[in-house]
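The primary structure of each chain is shown beneath.
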Amino acid sequence: MATTVDGEHLEHPLVTGGFLENRRYQVELADTAAGDHTLVCLPTGLGKTAVSLLVTARRLHEVGGKSLLLAPTKPLVQQHAEFYREALTVPDDEIVVFTGEVRPDDRAALFEDATVIIATPQVVENDLVGNRIDLGRVTHCTFDECHRATGDYAYNYIADRYHADAADPLVTAMSASPGDDEEAILQVCENLGLSEVAVMTEDDADVAEYTHDTDVDWKRIDLPEVVIEIRDAINEVVADRLDQLRELGVTNKSSPDLSERDIQGMQAELRKLMNNDQSEGYQGMSLLAEIRKLRTAVTYVETQSVESLRRYFERLKEAARSSGASKADQRLVSEPKIREAMRKAERYDDLHPKFRRTRMLLAETLGIENGERVIVFTESRDTAETLVDFLSDHFTTRKFVGQSDTDGSEGMTQTEQQETLERFRNGEFEVLVSTSVAEEGLDVPEVDLVLFYEPVPTAIRAIQRKGRTGRQAKGRVVVLLANDTRDEAYFWKARNDQKRMKSELNELKSVAGELAAELDQTGLDDYEDEGDGTGAGDTAATASATETAANGTSADDGQAGLDAFAGEDMATGESDSAEAAESADDDDAGSDDAGQDVAENDGDDSVVAKAGGDADAVEIVADQRELDSTIARDLSTREGVETRLETLAVGDYVLSDRVAVERKTVSDFLDTLTGGDRSMFEQVGDAARNYARPVVVIEGGDLYGERNVHAKSINGALASLAVDFGASVLRTDDQDETADLLETIATREQDDGDREVSVHGEKQSKTVAEQQEYVVASVAEVGPVTARSLLEHFGSVESVMTATHDDLLDVDGIGEVTAERIRSVVGSEYEP
């Protein structure tokens, strides 16, 4: 073993002497992780990062290559980078940070020269899709907060690519709370290709001396009568909508107290009706969208504040007034009971009783008990900002929220986040009011109290929050619960899940030797023999990125915001991590940045990646803004397809010198008919001016039934696209089908048609030679290859244009037909 554990500190050729404390449990976990793809489970605050660093040091020393560490948020990435630069003897300039703030072309060069790369997963995903980086030489990849590896999160795609591309891969995945149950934990293992689980709990002797008890207390709060009246009025409307759904035969529920499972069951029944083209399905889906919005409103008034409800109502009214507003929004704001609830909320001039209880608890902790620091967690940014204003009259208080702006609220830049945490560590203020962005892994100082303004519904998030205290001394956690509200249900759910998770982890710990066989049975050996190396690479295992919502997480402010807390899809951006969706049927939901990278915008830099490698591969150029979908990511994993990312001025995908594709979901298409910043017709017009064969792909469900847009308007738009702009309009059911279609068209163009990809209409960044080729290539659709031949033969664009028919025939590749077309275009009279 290269790392020695004699004495008070660890010694290793690549670890700074006297820096890492000798903790036997960390060394044992590192030993296991160095031998195979391993899930490392360790309670918060006990040094998971040190374990990964020890594995990285060993791999770099014994195998060489590079190390990649992925963390879900920018503040966490910066924190890891500072730790690695202190702890490793690797030169600081070889330990680089990749976030969306680093230019893509700079990242490509930095990656090539770096020894350790610490990055947000979205950026690495983008760079892999764009062929900017190669994981072939990465010998250790760490997935921090690996419980996020569910659904379409970037971790799954990166793990898939890493196992496939690396010559000698080794994965270490880290979390204090990898899943709510054994199934969820095994799913994480499958998605990341893990073969081993190494678990340490507070009960282990080597760990116990470094842990401290954390008391959890919950304070019950009664709601004022007016708040109850507002809630009951909203619930009456929920009950009415349920009555209508019962008449449609999709539910037998009558109580407004629905679970998310109930909602999903109704949605499944409605999908069946829609698949049968029954109008009841579309009617019911609109009613279900109303119920989701109303349940969000109930959550606000019960658990947050009337002020938060008022803000939510205002956003609903704005949405209902906008062009192309959904029927659900329009019905809601005109519903008499909702209008009455709005009036009561507007007249209510008091705060939620949780505010006063929060102030009392802070006074007790910071005053009577002489505490120094408190963290208050809340799901809603609205509530966070109201709390900061309220508490600042008595305590020095600052907010800590994600980076995305929401309606009426500015996010915090990465620099502002770092400065706020540093000031908190230095004791410059007493109270940090945070949304979920501070839950995961951040090195916040030991605090005297962690206050949950509301309970969270998942064990993972409860454990993450509790881990902010009880590190160096006994800690305290208080959870505020409003009586007879969803607070109670979520609290007990998380509490039971935590007990079950602890039991599952202990069970997994006891049967760790049998886990590899169980993982093999679920398909983890799919990665075997994909790499070229030996050792860890030969025993690698993976599974497809199976969709799951077991952890209730989202790629946003830390983990999940009020939408996951309430079990809602909130359409108006009201929480710090709200997903824009009228219903779960919307595949194009947006999310708050929340301190992590979603997709960088490279401004005026048109070409941000160069395709390389396989000359026989079909090339597809994708606009980087399309990375919000899974299409480019899917295409990048296909054999014989090479993706390239650019900031395209025209089109969403370019498939040849003459084919550009504008992709529209059904919702996007309908939005462009009812208004927007830039209409679809302008976009397709741009494509038609720059490409001979523009294509419009309309993706998704029922074009005629999703929105209150007349069929004649839709048909008129389709006719205009085909007749006025010469665009081919194609339909696909989903993103997978769109990816298949793009590959088919690109193959026909490039393999069968012998055409090259040529990006037209981008912002001017071409050389003179490239511009000359573009001008000549556009004449009579001769294409880029023929354009180069003509320019090489004649020497200038002018000479090409003035060449005679016979002169053109002297050029290789120019026949009678092409020569006649060129002369016809150049020499014919202009007739508009």
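Cut-offs used in this document
- All residue numbers here refer to positions counted from 1 along the written sequence of the relevant chain.
- Since the coordinates come from a predicted model, pLDDT governs what is reported: local features require at least 70, and pairs of side-chain atoms require 80 or more to be given and counted, while whole-chain, interface and lining totals use all residues.
- With hydrogens and water excluded, all non-hydrogen atoms of the structure serve as input to the side-chain values.
- Two strands pair under a simple rule: DSSP has to find at least two bridges between them.
- We count a stretch as a helix when DSSP gives it H or I for four or more residues in a row; a strand needs E for two or more, and each element gets its number in order from the N terminus.
- Every residue pair with non-hydrogen atoms within 4.5 Å of one another is taken to be in contact.
- Orientation is described by axes fitted as lines to C-alpha atoms, over the contacting stretch for helices, and by angles from 0 to 180 degrees between their N-to-C directions.
- Cysteine sulfur pairs qualify as disulfides if the two atoms are within 2.5 Å.
- A simple rule labels every residue: compare its accessible area, found with a 1.4 Å probe on the protein chains alone, to the largest value its type can have, and call it buried under 20%, exposed over 50%, or partly exposed in between.
- Expected span, for any helix, means 1.5 Å times one less than how many residues it has.
- In this scheme, roughly parallel covers angles under 35 degrees and roughly antiparallel covers those over 145, while 65 to 115 is roughly perpendicular and the rest are oblique.
- For any helix crossing, the convention is left-handed if the near helix is rotated counterclockwise from the far helix by under a right angle, and right-handed if that rotation is clockwise.
- Residues are grouped as follows: Ala, Val, Leu, Ile, Met, Phe, Trp, Tyr, Cys and Pro are nonpolar; Asp, Glu, Lys and Arg are charged; all remaining types, including Gly, are polar.
- Salt bridge, as applied in this entry: a Lys or Arg side-chain nitrogen positioned within 4 Å of an Asp or Glu carboxyl oxygen.

Attention shifts here to the sheet that holds strand β18 (residues 693-699). One open sheet accounts for six strands, arranged β15-β14-β16-β17-β18-β19; its pairing is mixed. Edge positions in the sheet fall to β15 (641-646) and β19 (728-732), since each of these pairs with one other strand and no more. The sheet contacts of helix α26 (residues 735-752) involve β14 (618-623), β15, β16 (653-654), β17 (659-665), β18 and β19, and relative to β14 the element is tilted by about 130°.

As enumerated under the stated definition, the model contains zero disulfides in all. Summary of cysteine pairing: C41 is not part of a disulfide, and the nearest cysteine sulfur, belonging to C146, is at 6.8 Å. Relative accessible area serves as the criterion here: at 2%, C41 is assigned to the buried category.

Okay, unusual backbone geometry next. One non-glycine residue with positive phi stands out, namely E145, at about 50°. As for its position among the elements, E145 is in the loop between β5 (138-143) and α6 (154-165). E145 gets classed as buried once you look at its relative accessible area, which sits at 2%. Look at D484: it is not a glycine, yet its phi comes out positive at around 60°.

Over its 23 residues, helix α9 (residues 225-247) runs 33 Å from end to end, which matches the ideal 33 Å to within 8%, given 1.5 Å per residue. Residues of α9 that are buried: V227, I230, R231, A233, I234, N235, V237, V238, A239, R241, L242 and L245. The elements touched by buried residues of α9 are α10 (260-275), α11 (279-304), α12 (306-321) and α14 (336-347). Where α9 terminates, the next one or two residues include G249, which has phi positive at roughly 80°.

The next thing to look at is the packing of helix α24 (residues 680-690) against helix α25 (residues 711-723). At a closest axis distance of 11 Å, the pairing of α24 and α25 adopts a crossing angle of 15°. Relative to α25, the element α24 lies roughly parallel. When the axes of α24 and α25 are compared, the crossing they make is right-handed. Note on element contacts: α25 touches α24 through A717, S720 and L721, opposite M680, F681 and V684. Classifying every residue of the contact of α24 with α25 by side-chain character gives five nonpolar, one polar and no charged.

For the structure shown, the criterion picks out 50 salt bridges. Close ionic contact of R638 with E743 constitutes a salt bridge, the shortest N to O distance being 2.6 Å. Remark: E743 occurs in helix α26 and R638 occurs in the loop between α22 (631-636) and β15; sequence separation between them is 105 residues. For R638, a relative accessible area of 18% translates into the label buried. Owing to a relative accessible area of 21%, E743 belongs among the partly exposed residues under this scheme. In this structure, E646 and R644 form a salt bridge, with 2.3 Å as the shortest nitrogen-oxygen distance. Residue R644 is classed as buried on the basis of its relative accessible area, which comes to 10%. Each of E307, R310, R311, R315, D382, E385 and K399 takes part in salt bridges that share partners, so that together they form one network.

Within a sheet, each strand pairs with its neighbour through backbone hydrogen bonds, oriented either parallel or antiparallel. Across the sheet, which stays open at both edges, the seven strands sit in the order β3-β4-β2-β5-β6-β1-β7 with parallel pairing between neighbours. On the outer flanks of this sheet lie β3 (95-98) and β7 (196-199), each paired with one strand and no other. Strand-to-strand, the axes of this sheet are offset by a mean angle of 20°, without reference to chain direction. Of the pairings in the sheet, the one linking strand β1 (residues 38-41) to strand β6 (residues 171-175) comprises four bridges and is parallel in character. Looking at β6, one finds that C41 is bridged to S175.

Turning our attention to helix α5 (residues 121-129). Count 3.6 residues to each turn of an α-helix, and residues three or four apart come out pointing the same way. Counting buried positions along α5 gives nine out of nine residues, so the element sits mostly inside the fold. Immediately downstream of α5, the backbone of N131 shows phi near 55°, a positive value.

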